[in-house]
Amino acid sequence: MKNVISTYAAISHTTLGVFVRTVQTTLAVLLASLVLLSSVSYGQGPGSFPPVTDAMLQDPAPSDWLMWRRTLDSWGYSPLAEVNRDNVGQMRMVWTRNLAAATDEITPLAYNGVLYVPQANDVIEAIDAVSGDLIWAYRRDLPEDVSQWIGPHGSNNRNLAIYENLIIDSSAEGFVFALNVQSGEIVWETQVFDYKVNTGTHSSGPIIADGRVISGRSCKSTLGYPGGGPDACFVAAHDALTGVELWRRQLIPKPGEPGYETWGDVPYELRQQVGSWTPSSYDPELKLIIFGTSVTSPAPKIFLDGIDKKYLYHNSTLALEVDTGEIRWYYQHLNDHWDMDHPFERLLVDTAVTPDPDEVEWINPDLKAGEVRKVITGIPGKTGIVYTLDRETGEFLWATPTVFQNIIQNIDGATGEVTENPEVVFRETEQIVFVCPTWLGGKNWETGTYSPLTNTMYYPLRNTCADMMATADFETQRATELEREIVRGGLALYSLAGRHRIAPGTDNLGTVRAINAETGRTEWLHEQRAGTTSLMSTGGGLVFGGDANGRFRAHDHETGEALWEINLGSPVVGFPITYAVDGKQYVAVNTGPWLGSIGTPELRPSRGTNLFVFALP
């Protein structure tokens, strides 16, 4: 595909590189021995705790939720079916527990009768999954100034990883670390970067891919501090048993690397903010780590080296070799001037591909309808556009909008090349354009889910637009009320300001849309005033999800009908999970602060931060 997909030849390794890897391997062996000894010293003898293996992560037991979206393909689907369409109306809360202040977008892990719960500021708790009683708590001793460097989003921690007898996490001050799963004591920790030098936040959390801890960074810096430059934007792999770093893939090409020239004359040290702030997916058969990236800073390309450059690898899907971190292929979704980040979950699905031309806007003309392909699908970015790509090669297959958008004008079906709407591309400073959706999405960090029972993906979406301004001056005293309001609602980090509103033609901010993965057809659409949040699907024919007004509900996966609902009082910001203990199914989700509401002033939920667990009587 022209200028879109690039196949990378293997880069020969230098003698020094061979020496370094030899030293790393030796250290790994020594540290693995220490890990084994430490496990024994903690009283974790053979057979006392069933270790979590790569085979278990690749095919988890129905009772377990072992990672962010439960499986490495990021489906967010559980085969558990005790709670189903016939009896979900009987479901009741069985326990609740308060979480650390400021906890919001989190995923508990469920294994062996225990929930492992990540929380704000690197708090981790192990909680009895049936009773809600605390087993152990870990509170990392963070530097007092860390929040000044990494900003308010630095406390986020969406996900933990579990491997063998370890709970593994990434920390606010730039470490990856492992805890003994039964005691909460530190087993190993490795510094990944200095938070005062290469400022980056860890909100994605890690996954495990063939014994490697894979973690990304958002590489955002706060105003007034250095950092967030090209060295801060990377995905790294560490040995899960020892913490030894195995490779690091920088997301802004270095001098001499393919793609470096796509930034034009922008000085290398000023190339920044192309981060990966959502956990990766992994295909163990293809040995590919697949994830997305975010916008540049500043976002309007008039503040970089012009609108004609691609600025790789921003707003792209990348496929990395798990063994080396080398890029096998990439696909760039757009040249982003508006903070339309594309780092969200990639669904890995094997499906027939038969896009319906009556509902799908852009289709590859060479596609053989009905052919079964290994695809990446879903809504990867804030534009709300579904993309389906071949996951072996990155070939574009089809794409279509799901919300009102005026950013993408066309996608060439034969090449996948994207054309942005020239009417909304900034061409001068302090220009104002009307853009749909806004940087709130469309789609945002709130996850969708895929059910193999229906071959359908379900997405929480928002109907948003904004009068958006490209500006580097946030102290402006420009005369009109409109422009003053725009500047007050700005993102100085990205040189953007905006006045947000609900999209024209509707009064509803939130939707849940069911999209057939084979045809691209919308199977059903649920619309409501409150913004919708992350979803989970189950073998019981249910789609669970919440909203910004505190409602948590279960939808029928075939019709969208709400079969059960409860008011939790505060925005349902967590990623819902389900698990089973001794054959009994439970559903868990948390509430906390949420910043995605616009145009719904009558909705005034509280801001309680709690974990709620439900089950049948």
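Everything in this summary refers to the structure shown in the same document. The model shown is predicted, which means the values in this text are computed figures rather than measured ones. (Residues numbered from 1 in each chain as written. Predicted model: local features only at pLDDT ≥ 70, side-chain atom pairs only at ≥ 80, totals over all residues. Heavy atoms only, no water.)

1. Comments concerning the overall build of the protein chain
Line of reasoning, step 1. Looking only at helices and strands, one finds 4 helices and 40 strands in the protein chain.
Line of reasoning, step 2. Counting across all 617 residues of the protein chain, residues that qualify as buried make up 63%.
Line of reasoning, step 3. Partitioning the intrachain contacts of the protein chain with sequence separation of at least 6 by distance along the chain shows that 63% fall at a separation of at least 24.
Line of reasoning, step 4. Of the roughly 21,700 Å² of accessible surface on the protein chain, 51% is carried by carbon and sulfur atoms. (Helix = DSSP H or I, 4+ residues; strand = E, 2+ residues; numbered from the N terminus. Buried < 20%, exposed > 50% of the residue type's maximum accessible area, 1.4 Å probe, protein only. Contact = heavy atoms within 4.5 Å. Areas by Shrake-Rupley, 256 points an atom, 1.4 Å probe, with all protein chains shown as cover.)

2. Things to note about the environment of His-314
Line of reasoning, step 1. Position of His-314 among the secondary structure elements: in the loop between β16 (288-292) and β17 (316-321).
Line of reasoning, step 2. Taking relative accessible area as the criterion, His-314 reaches 0% and is therefore assigned buried.
Line of reasoning, step 3. Residue contacts for His-314: discarding those within four places in its chain leaves Val-274, Thr-293, Ser-294, Val-295, Thr-296, Lys-301, Gln-332, Leu-334, Asn-335 and Asp-336.
Line of reasoning, step 4. In terms of polar contacts, His-314 uses its side chain to reach the backbone amide nitrogen of Asp-336, at 3.0 Å. (Polar contact = N/O pair within 3.5 Å; in protein donor to acceptor, adjacent residues only side chain to side chain.)

3. Brief notes about the packing of aromatic side chains
Line of reasoning, step 1. In total, this model carries 20 aromatic pairs according to the counting rule given.
Line of reasoning, step 2. By way of ring pairs, the aromatic residues Phe-544, Phe-552, Trp-564 and Phe-614 are connected into one cluster.
Line of reasoning, step 3. Positioned above the aromatic ring of Trp-68, the side-chain terminus of Arg-69 is 5.9 Å from the ring centre.
Line of reasoning, step 4. A cation over a ring is seen here: Arg-248 above Phe-234, with NZ or CZ 4.4 Å from the ring centre. (Phe/Tyr/Trp six-rings, centres within 6.5 Å; stacked < 30°, edge-to-face > 60°. Lys NZ or Arg CZ within 6 Å of the ring centre and 35° of its normal.)

4. With respect to the state of the cysteines
Line of reasoning, step 1. Per the stated rule, a full pass over the model turns up 2 disulfides.
Line of reasoning, step 2. Covalent S-S linkage joins Cys-219 and Cys-233, the inter-sulfur distance amounting to 2.2 Å. On the sign convention where negative is left-handed, the bridge of Cys-219 and Cys-233, at about 95° about the S-S bond, is right-handed. Linking Cys-219 in the loop between β12 (212-216) and β13 (234-239) with Cys-233 in the loop between β12 and β13, this pair joins segments that are 14 residues apart in sequence. Residue Cys-219 shares its accessibility class with Cys-233, and that shared class is buried. (Disulfide = S-S within 2.5 Å.)

5. Thoughts on the nonpolar core
Line of reasoning, step 1. Membership of the largest hydrophobic core comes to 67 residues, with the highest contact counts inside it found for Tyr-116, Ile-162, Ile-168, Ile-208, Ile-214 and Ile-289.
Line of reasoning, step 2. Ranked by size, the runner-up nonpolar core spans 38 residues in total, among them Leu-286, Ile-290, Ile-411 and Leu-440. (Core = buried A, V, L, I, M, F, W, Y, C linked by side-chain atoms within 4.5 Å.)

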